[in-house]
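Descriptive structure summary
The residues making up each chain are set out below.
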Amino acid sequence: MGNKKWSEISYDNHIVRSDESRQAVLGAFLVSLGIDLERLPNNLFAPYGYFRTRQKDYHSTNKSAPLEKIYLQDIVGTSYEMYAEDNQVLYSFMKLKRITDRILCGKLTPNKYFHMMKNPYQTPPIILSRNTDGTYFVDGNGNHRVLSYKIMMLAEIASKYDWVYSDDYDLTYKGFTDVTKKYWLYARINED
């Protein structure tokens, strides 16, 4: 796999394009989380897939369904195809449309996210659908929040476990429970 450098990462699609300004803002955010841009940890490239939506339309979620506590490591993708087209967490995060605005406004900090994501009264709530294997994907509101929170979690793991930088690191490894148990959120789950 080999470690990539931030300067080697780029993307281009019909909504957002990698440019110097955008890369500088995103890079500064990663540095604020303790990420070395000259040696990106391999766990940032964990799979983040595309799943077909289970909603009949954008507003079809059962608004009376109770919110559930979901662990972030169990959210493995999105129904928004553009965010999952490279199938990796870092690329999905980089493609978020308004992410640089949130960073520049100071809305994207670990302390704010730990408070916000665990608040059952988030408006709008995060909407997830459940896969047959017990994992989840964002299926409506929540792509920005989930991916930003996921980057924060992966950065904390990288700061504690140097072996996520090794070439033989398994991108599907589900350990690190000392860190992952702290990263959970409330979400409304679509039921088929």
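In this report, we go over the structure that sits alongside the text. Just so it is clear, the structure is predicted and the values come from calculations on it, not from any experiment.

1. Looking at the pairing of strand β6 (residues 184–190)
For β6, the tally of buried residues reaches six of seven residues, placing the bulk of the element in the interior. In this structure, strand β2 (residues 67–71) lies alongside β6, joined through five bridges in antiparallel fashion. Within β6, the residue paired with K69 across the bridge is Y186. Across four bridges, strand β4 (residues 126–130) lies against β6 in parallel orientation. Directly across from I127, in β6, lies its bridge partner R188.

2. A word on the packing of aromatic side chains
Tallied over the full model, the rule gives 15 aromatic pairs. For the pair Y149 and Y183, a centre-to-centre distance of 5.2 Å together with 55 degrees between the ring planes defines the contact as tilted. You can see Y149 sitting in helix α6 (residues 143–160) and its partner Y183 sitting in the loop between α7 (177–180) and β6, a full 34 residues away along the chain. Side by side, Y149 and Y183 carry an identical accessibility label, which is buried. Of the aromatic side chains, those joined through ring pairs into one cluster are Y161, W163, Y169, Y173 and F176. In this structure, R39 packs its charged tip against the face of Y165, placed 4.1 Å from the ring centre. Directly above the aromatic system of W184 lies the positively charged group of K69, at a separation of 4.5 Å from the ring centroid.

3. Notes on the pattern of salt bridges
Scanning the entire structure with this criterion turns up seven salt bridges. In this structure, D162 and R39 form a salt bridge, with 3.8 Å as the shortest nitrogen-oxygen distance. You can see D162 sitting in the loop between α6 and α7 and its partner R39 sitting in the loop between α1 (20–32) and β1 (49–50), a full 123 residues away along the chain. Assessed through its relative accessible area of 34%, R39 is described here as partly exposed. A salt bridge links R130 to E68, with the shortest nitrogen-to-oxygen separation between them at 3.6 Å. Residue R130 is found in strand β4, and its partner E68 is found in strand β2; the two are separated by 62 residues along the sequence. Put simply, E85, D86 and K95 are held in one network by salt bridges that share partners.

4. Topic: the nonpolar core
One broad rule of soluble globular proteins: the nonpolar side chains tend to lie buried together. Judged by nonpolar contacts, the single largest core of 55 residues is most densely connected at I75 and L185. Sort the elements by how many residues they give to this core and α6 lands first, with 10 residues.

5. Topic: the sheet that holds β4
Across the sheet, six strands lie side by side as β1-β3-β5-β4-β6-β2; this open sheet has mixed pairing. Pairing within the sheet leaves two strands with one partner each, and these edge strands are β1 and β2.

6. Comments concerning α1
The end-to-end C-alpha distance of α1 is 18 Å, a good match for the 18 Å that 13 residues give at a rise of 1.5 Å each. Of the positions making up α1, those classed as buried are R22, Q23, V25, L26, G27, F29 and L30. Residues of α1 that are buried in the fold lie against α3 (89–94), α4 (99–104) and α6. A distance of 3.2 Å separates the backbone nitrogen of S21 from a side-chain oxygen at the start of α1, and that oxygen is part of D19. After α1 finishes, the residue G34 shows a positive phi value of roughly 95 degrees.

7. A closer look at the environment of E38
Counting through the fold element by element, E38 comes out in the loop between α1 and β1. With 75 residues separating them along the chain, E38 and Y113 place their C-alpha atoms 26 Å apart.

The rules behind the values
Residues numbered from 1 in each chain as written. Predicted model: local features only at pLDDT ≥ 70, side-chain atom pairs only at ≥ 80, totals over all residues. Heavy atoms only, no water. Buried < 20%, exposed > 50% of the residue type's maximum accessible area, 1.4 Å probe, protein only. Helix = DSSP H or I, 4+ residues; strand = E, 2+ residues; numbered from the N terminus. Pairing = 2+ DSSP bridges. Phe/Tyr/Trp six-rings, centres within 6.5 Å; stacked < 30°, edge-to-face > 60°. Lys NZ or Arg CZ within 6 Å of the ring centre and 35° of its normal. Salt bridge = Lys/Arg side-chain N within 4 Å of Asp/Glu carboxyl O. Core = buried A, V, L, I, M, F, W, Y, C linked by side-chain atoms within 4.5 Å. Expected span 1.5 Å × (residues − 1). Contact = heavy atoms within 4.5 Å. Polar contact = N/O pair within 3.5 Å; in protein donor to acceptor, adjacent residues only side chain to side chain.

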